[in-house]
Amino acid sequence: MADISQIVIFGASGDLTSRKLIPALLRNFAEQRFHKPLQIIGVSRSARSDVEWRESLDEWIPDDLRAAWSGFAPSLSWRAVDASVGEQTQGLADHLEALAEGRTANRLFYLALKPSLFAPTIRTLSSHGLLDGPKDPKLGWRRVVVEKPFGRDLPSARALNRELLEHVREDQLFRIDHYLGKETVQNILSFRFQNAIFEPLWNRKHIESVEISVCETVAMEGKRGAYYDSAGAIRDMVQNHVLQILALVAMEPPTSMAADAVRSEKVKVLTALRPMRPDQVAEHVVRGQYLASPVRDRGYLEEEGVDPASSTETFVAVRAQIDNWRWSGIPFLLRSGKALHKRYTEVVLRFRTPPLDLLAGPSEGEHCALRPNDLRLLIQPEEGVRLSFLVKRPGPGMTMVKSELGFDYSDLDAGSSPPAYQRLLLDAIEGNATLFIRGDEVEAAWAFVDSIRAGWDQEDVPMFGYEAGSHGPEEANNLFVGCEGTWSIGP
Ligand code: BG6
């Protein structure tokens with residue numbers, strides 16, 4: 001039985017490692033969440049000493065973790081390895097053996113790398129026996145964590161899945177979507193299935209539409225332009241984060257919280273997303289690019305690293321349909337964008353109106369009755385739940401006013417929500433894959449996204465401009481039809 005867990009981070013000189021991974025590991029250490037001692041091995045092509053690496057991380061250590069850092073830092077060591085050079089990988093293998101108790105040490109390989117390096121790195125690790133553990137995985141395991149993006153379309157995601165699965169089993173692969181590490185995203189499942197009052201209403205009979213918005217104020221800060229220009233909002237946010245939230249909102253109850261029980265239900269929803277025909281895309285999808293405005297002196301096309309003639313979208317809104325028993329005919333309105341007016345992620349379930357308005361009487365013509373009831377799951381930065389309804393205003397007659405019941409996470413005596421990576425790293429070390437994406441989930445999400453992108457490629461679909469700091473292109477409002485309302489403006 002292994003007494004030590006080794007975390008080998010490839011791409012350790014990158015931003016993700018210093019900003020997220022090390023602070024997350026350290027916080028788990030400070031909270032004594034690890035059952036076994038850890039050895040953390042930073043791997044990158046550049047040479048540095050263990051001490052230099054530790055010193056470079058110093059600025060990222062939050063003040064409340066300073067005391068724990070001095071106890072934790074000695075477990076960090078550095079190896080300069082170019083995975084395309086055989087002897088260097090062999091050197092890493094020897095180093096890991098020397099650090100630990102040989103084959104029975106647990107090993108987590110974290111690929112914080114450019115996606116093009118995922119497959120070659122796994123191939124090299126495999127050919128040097130680094131992925132071979134003891135025959136009985138209980139004696140010492142090997143796991144691989146893969147960062148996003150996982151492919152850039154369905155064919156590349158499939159090819160990557162195939163290639164990785166030649167070297168590791170699916171249960172050894174942990175594909176990250178950091179949104180699943182957020183407490184409020186996990187709460188979607190708990191809220192739905194641990195309360196008896198909401199689930200009976202959670203279907204097409206009672207719900208008229210579902211909105212999922214992931215709005216950001218950030219644009220191309222830092223040196224993001226070049227990466228982003230090859231991705232765009234639909235690949236960068238919708239394929240992963242937005243569709244993961246959708247899957248949790250729309251899935252059937254799993255038979256347990258075991259990884260495959262939950263993930264199988266999510267896959268069913270994602271595969272039930274109706275793919276669009278190219279000629280339907282202009283009607284059901286709105287895309288846009290931000291323009292310079294009083295709040296930002298550059299538009300997207302003027303950003304560093306962005307092609308001035310780019311057709312990459314920084315905003316996308318989709319009217320999606322899920323073809324299953326629970327949701328048939330109910331629009332799922334999805335939206336994500338950069339340089340918007342406000343940062344918030346929110347799910348809004350809008351309930352149908354009562355069958356008859358007893359106060360106003362039968363309505364004639366085009367009049368839209370007020371939709372009194374919606375349930376809003378606030379994911380970030382405000383974290384909570386809001387349920388709205390009508391109440392009678394005191395006084396003569398019957399005047400109704402909209403009111404709200406609310407819960408805020410900040411009212412719980414539980415401190416602030418732990419960072420997403422803290423939970424995800426701990427789960428990967430403990431072998432709990434519930435909050436990681438299975439290969440078929442990734443593929444199902446790409447199939448839907450690809451159908452939209454095919455429309456953009458094949459048809460003449462407009463790219464709308466929107467002012468940085470605005471709510472996005474006006475045209476996105478047209479995705480709501482009839483009396484369905486309009487996009488939420490956030491809490
Ligand atoms: C990342 C995207 O996956 O998520 C970024 O690549 C985006 O473009 C980020 O800004 C948003 O994450 P969060 O946790 O800040 O909402």
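The rules behind the values
Residues numbered from 1 in each chain as written. Predicted model: local features only at pLDDT ≥ 70, side-chain atom pairs only at ≥ 80, totals over all residues. Heavy atoms only, no water. Pairing = 2+ DSSP bridges. Helix = DSSP H or I, 4+ residues; strand = E, 2+ residues; numbered from the N terminus. Axes fitted to C-alpha atoms, helices over the stretch in contact; angles between N-to-C directions. Polar contact = N/O pair within 3.5 Å; in protein donor to acceptor, adjacent residues only side chain to side chain. Near = heavy atom within 4 Å. Areas by Shrake-Rupley, 256 points an atom, 1.4 Å probe, with all protein chains shown as cover. Nonpolar A, V, L, I, M, F, W, Y, C, P; charged D, E, K, R; others polar. Parallel < 35°, antiparallel > 145°, perpendicular 65-115°, else oblique. Left-handed = near helix turned anticlockwise from the far one by under 90°. Contact = heavy atoms within 4.5 Å.

Asker: Mind showing me how you'd approach the sheet that holds strand E15 (residues 463–467) here?
Answerer: Sheets are built from strands that pair by backbone hydrogen bonding, the pairs being arranged parallel or antiparallel. Spatially, the nine strands line up as an open sheet ordered E14-E13-E12-E11-E7-E10-E9-E8-E15, and their pairing is mixed. With partners counted over all chains shown, the strands left at the sheet margins are strand E14 (399–408) and E15, one partner each. When strand polarity is set aside, the average angle formed by the axes of neighbouring strands in this sheet is 20°. Pairing of strand E12 (residues 374–380) with strand E13 (residues 384–393) involves four bridges; the strand directions are antiparallel. Note that in E13 the partner of Leu 377 across the bridge is Val 385.

Asker: Help me understand the environment of Asp 279, please; the structure alone is not making it clear to me.
Answerer: Relative to the elements of secondary structure, Asp 279 occurs in the loop between helix H10 (259–272) and helix H11 (281–284). Sequence spacing of Asp 279 and Val 461 is 182 residues, and the spatial spacing of their C-alpha atoms is 9.2 Å. Within the structure, the side chain of Asp 279 is placed 3.0 Å from the side chain of Arg 277, a separation counted as a polar contact.

Asker: In this structure, what is going on with the site of the ligand? I would like to understand it.
Answerer: The environment of the ligand is made up of Lys 148, His 178, Tyr 179, Lys 182, Glu 216, Arg 224, Asp 236, Met 237, His 241, Lys 338, Arg 343 and Gln 380. Residue Lys 148 places a side-chain N or O atom 2.7 Å away from an oxygen atom belonging to the ligand. The fraction of the free accessible surface of the ligand (400 Å²) that becomes covered by protein chains is 79%. Of the residues forming the shell around the ligand, the biggest block, three residues, is contributed by helix H9 (residues 233–250). Here the shell around the ligand is built from residues that sort into two nonpolar, three polar and seven charged.

Asker: Can you walk me through the packing of helix H6 (residues 154–165) against helix H13 (residues 439–458) in this structure?
Answerer: Each pair of packed helices can be summarised by the angle the axes make with each other and by the distance between the axes. Relative to each other, H6 and H13 sit at 165°, their axes nearing to 8 Å. In terms of axis orientation, H6 runs roughly antiparallel to H13. Handedness of the H6/H13 crossing: left-handed. Every residue of H13 that contacts H6 at Leu 154, Pro 155, Ala 157, Arg 158 and Asn 161 is listed here: Gly 439, Val 442, Glu 443, Trp 446, Ala 447 and Asp 450.

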